[in-house]
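Overview (structure and organization)
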Amino acid sequence: MDPITKNIDLISLLGFAFCAIACFLAVFFLFKSRFKTNYLWLYLILLLLSTELAYNTLIHSRAIVDYPFFFVSHHYYNLLLYPLFLGFIWQIIGEWQQRRLVFWLAFLAIGLYELFEVIQWLSVSIIEKQQRIQLFYEDRRPGPFNYWRNWKTLIKSVLIPLAFLLPISFIFIQFTQKSAKKADRLLLILMSSVIGLYFFYTQMANWIYQNIYHWNQYSMIEWPTDIIFLSLITCLLSIITLLVNTGTSLFPAPKYARSALDEDQAQVLFQKAHALLQNRKHHLDTGLNIKLLSQELDTNEKYLSQAINQILGISFTQWINTFRVEEAKVQLLQSSNQHLTLEAIGQQCGFRSKSSFFNAFKKITGLTPNAYVKSQDSEF
């Protein structure tokens, strides 16, 4: 049995370097935030991608010979990336609380499958793995293997990703059409671009391998090609990670970075404020402001503003207007209010003027009050 020669070239160094950078950033920010952060899923995505990059680099450099325990005889896929992608998108748009059950079910299902595969790998003895590695590097294939010929790989690389990419695409289109915060919209565009690039590459990988192989006749071209691509993706995600944590001009530093209110406290305070408005209808008062509501909740304005911004990603005024618009939708359809002007209905719902009523109503519903009434009439 001939010894396998190591292949530590520039591509291997590139892979190991970006793997180390991604791991460092992910672990550093995870422990710095004590795992309580809106960017938790981003850091976990970075960690998972770095493991995929590390594995490809171990294969290409042939350093896997020294670590046969990690060897698997097929291409490595990180299926857990896709639920994490979706979870992070929900976090950006403020829908994590409503969608977390769906996320955990998807994450658990894929996680159990991945765990089953890990157990299978562990069941293979080190001696057998060493033999497989020897055969693997003998490289008797007539060019790169077409992974789509395997039905398991087809499910992993196409069907499962599509199940997550379809809702991500729908969220992207919906969210970018709204008047969301500029930073959130920009972050969503960047993350969606990275996700799209990752998916597009996995679909085109076989074609890319074959074309590069015709050029250089290196049948194990999959691994160096993947290393270059994954290094690019981890670089982009590392930049995004730094941007959201360092207060650059692209993503301003969090408004409440030095506040003593943590995520759990923000959630409790928000729930109290939400229940108070539902029960006492304070939003119907045109004079309601954040100071008055903070006093009734026995907190300060900064904490209340932070809680609303942290949970929903909107301002106090925008949040109050959602309650007022919901009330207006009810009032507009009541026959007893047909004699009232739209301005009068707006004032009943807490709006100070007709213009503020119209602007808020259209921003939230996408329709003017008159158009909303006509749309409801047409349904009956």
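Despite not being glycine, Gln217 has its phi angle at roughly 60°, a positive value. The residue Gln217 is located in the loop between helix H7 (182-216) and helix H8 (222-246) in this model. In this model, Lys281 sits at a positive phi of 55°, which is unusual for a non-glycine residue. You can see Lys281 is positioned in the loop between helix H9 (263-280) and helix H10 (290-296). Judged by relative accessible area, which is 42%, Lys281 ranks as partly exposed.

As for its placement among the helices and strands, Trp319 is situated in helix H12 (residues 316-332). Exposure remark for Trp319: the relative accessible area of 2% places this residue in the buried category. Through-space distance from the C-alpha of Trp319 to that of His283 is 9.8 Å; in sequence the pair is 36 residues apart. Not counting residues within four places of it along the chain, the set of residues in contact with Trp319 comprises Phe270, Ala273, His274, Leu277, Leu293, Ile308, Leu312 and Ile314.

This part takes up the packing of aromatic side chains. By the definition in use, this model includes 25 aromatic pairs. Ring centres of Phe28 and Phe29 lie 5.1 Å apart, and the angle between their planes is 75°; on these two criteria the pair is classed as edge-to-face. Geometrically, the ring pair formed by Phe103 and Phe107 is stacked, given 5.6 Å between the ring centres and 20° between the ring planes. On the criterion of helical spacing, the pair formed by Phe103 and Phe107 is a turn pair, its members being 4 residues apart in helix H4 (residues 96-123). Accessibility expressed as a relative area gives 23% for Phe107, which makes it partly exposed. Feature note: the residues Tyr82, Phe85, Tyr198, Tyr201 and Phe229 constitute an aromatic cluster, connected by ring pairs. Seen from the ring of Phe69, Lys129 lies directly overhead, with NZ or CZ sitting 5.1 Å from the centre. The aromatic ring of Phe351 is capped on one face by Arg324, whose charged end is 6.0 Å from the ring centroid.

Its 18 residues give H9 an end-to-end C-alpha distance of 26 Å, which sits within 8% of 26 Å, the value for a rise of 1.5 Å per residue. When we look at burial in H9, the residues that qualify are Ala266, Gln267, Leu269, Phe270, Ala273, Leu276 and Leu277.

This brings us to the side chain of Arg324. On the secondary structure map, Arg324 appears in helix H12. For Arg324, which is buried and forms no salt bridge, the nearest opposite charge comes from Asp285, at a distance of 6.6 Å. When residues no more than four places from it in sequence are discounted, the contact partners of Arg324 are His283, Asp285, Thr286, Leu288, Cys349, Gly350 and Phe351.

A few words now on the pattern of salt bridges. Under the criterion given, the structure shown has 3 salt bridges. The shortest N-O distance in the salt bridge between Arg132 and Glu128 comes to 2.7 Å. Pair noted here: Arg132 and Glu128 are both in helix H5 (residues 126-138), with a separation of 4 residues, about one helical turn. On the basis of relative accessible area, Arg132 is assigned to the partly exposed category, the value being 34%. A salt bridge links Arg280 to Glu296, with the nearest nitrogen and oxygen atoms 2.3 Å apart. Of this pair, Arg280 sits in helix H9 while Glu296 is found in helix H10, placing the two residues 16 residues apart along the sequence. Among the residues examined, Glu296 registers a relative accessible area of 36% and is labelled partly exposed.

With 23 residues, helix H1 (residues 10-32) should cover 33 Å at 1.5 Å per step; its first-to-last C-alpha distance of 33 Å lies within 8% of that length. Restricting attention to buried positions, one finds in H1 the residues Ser12, Gly15, Cys19, Ala22, Leu25, Ala26, Phe29 and Leu30. Looking at the residues trailing H1, positive phi occurs at Arg34, about 55°.

This brings us to the environment of Leu284. With respect to the helices, strands and loops of the structure, Leu284 is situated in the loop between H9 and H10. Classification of Leu284 as partly exposed rests on a relative accessible area of 28%. Considered as a pair, Leu284 and Gln347 are 63 residues apart in the sequence and their alpha carbons are 8.0 Å apart. With near-sequence residues (within four places) excluded, Leu284 lies in contact with Glu327, Gln347, Gln348, Cys349 and Gly350.

What follows covers the confidence of the model for the protein chain. In the predicted model, the protein chain carries a mean pLDDT of 84, and 89% of its residues have values of at least 70. Mean pLDDT across the elements of the protein chain bottoms out in helix H6 (residues 151-177) (83) and peaks in H12 (92). Between residues 248-253, whose pLDDT stays under 50, and residues either more than four places distant or in other chains, the model counts 13 contacts.

Parameters at a glance
Residues numbered from 1 in each chain as written. Predicted model: local features only at pLDDT ≥ 70, side-chain atom pairs only at ≥ 80, totals over all residues. Heavy atoms only, no water. Helix = DSSP H or I, 4+ residues; strand = E, 2+ residues; numbered from the N terminus. Buried < 20%, exposed > 50% of the residue type's maximum accessible area, 1.4 Å probe, protein only. Contact = heavy atoms within 4.5 Å. Phe/Tyr/Trp six-rings, centres within 6.5 Å; stacked < 30°, edge-to-face > 60°. Lys NZ or Arg CZ within 6 Å of the ring centre and 35° of its normal. Expected span 1.5 Å × (residues − 1). Lys, Arg positive; Asp, Glu negative; His and termini not counted. Salt bridge = Lys/Arg side-chain N within 4 Å of Asp/Glu carboxyl O. pLDDT = per-residue confidence, 0-100.

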